[in-house]
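Residue-level structural notes
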Amino acid sequence: MKGLSMGDWSLIARYLKKETNDGDADHLRNLAGRCPNLKEELALLDSTIRDTTNSDTDPFDADRAFEKLHKRFRSENLIE
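Values in this document were obtained by computation on a predicted structure and should not be read as measured data. (Residues numbered from 1 in each chain as written. Predicted model: local features only at pLDDT ≥ 70, side-chain atom pairs only at ≥ 80, totals over all residues. Heavy atoms only, no water.)

What is expected of a backbone is that most residues other than glycine have negative phi and most peptide bonds are trans. Even without being glycine, Lys18 reaches a positive phi, approximately 60 degrees. Position of Lys18 among the secondary structure elements: in the loop between helix 1 (6-16) and helix 2 (22-34). The backbone of Asn77 sits at a positive phi, close to 55 degrees, despite the residue not being glycine. Note on placement: Asn77 falls in the segment after helix 4 (62-75). The exposure class of Asn77 is exposed, given its relative accessible area of 54%. (Helix = DSSP H or I, 4+ residues; strand = E, 2+ residues; numbered from the N terminus. Buried < 20%, exposed > 50% of the residue type's maximum accessible area, 1.4 Å probe, protein only.)

Here you go:
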């Protein structure tokens, strides 16, 4: 997912936190078109969020998850 801007990452973080608005939907669709793996990654993260929020464990930390995802993308040379 090379070429994602800070705005793109901000949108992804808002999506994971369920803080997106109607205007964000088009941007997310465009991102998914540019980054084929994005949809799968978001589905996996969203599933993880639901699993952790439905359990008695610590609450999900979207900021920490976003940072881990960002580090993973960097380590896999998917972003610069």
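Now, onward.
With that settled, consider the nonpolar core. Formed by 17 residues in total, the largest nonpolar core has its most connected members in Leu4, Trp9, Ile12, Leu16, Leu31 and Leu38. Taken together, the elements giving at least two residues each to this core come down to helix 1, helix 2, helix 3 (38-53) and helix 4. The element best represented in this core is helix 1, accounting for 5 residues. If we skip the residues at most four places from it in the chain, Leu4 touches Trp9, Ile12, Leu31, Arg34 and Cys35. (Core = buried A, V, L, I, M, F, W, Y, C linked by side-chain atoms within 4.5 Å. Contact = heavy atoms within 4.5 Å.)

With that out of the way, let us pick up helix 2. Among the residues making up helix 2, those that are buried are Asp24, Leu28 and Leu31. Considered in projection along helix 2, the buried side chains sweep an arc of 60 degrees and stay on one side of the axis. Exposed and oriented more than 90 degrees from the buried face of helix 2 are Asp22, Gly23, Arg29, Asn30 and Gly33. The backbone nitrogen of Gly23 lies 2.9 Å from a side-chain oxygen of the residue at the head of helix 2, namely Asn21. (Arc of directions from axis to C-beta. Polar contact = N/O pair within 3.5 Å; in protein donor to acceptor, adjacent residues only side chain to side chain.)

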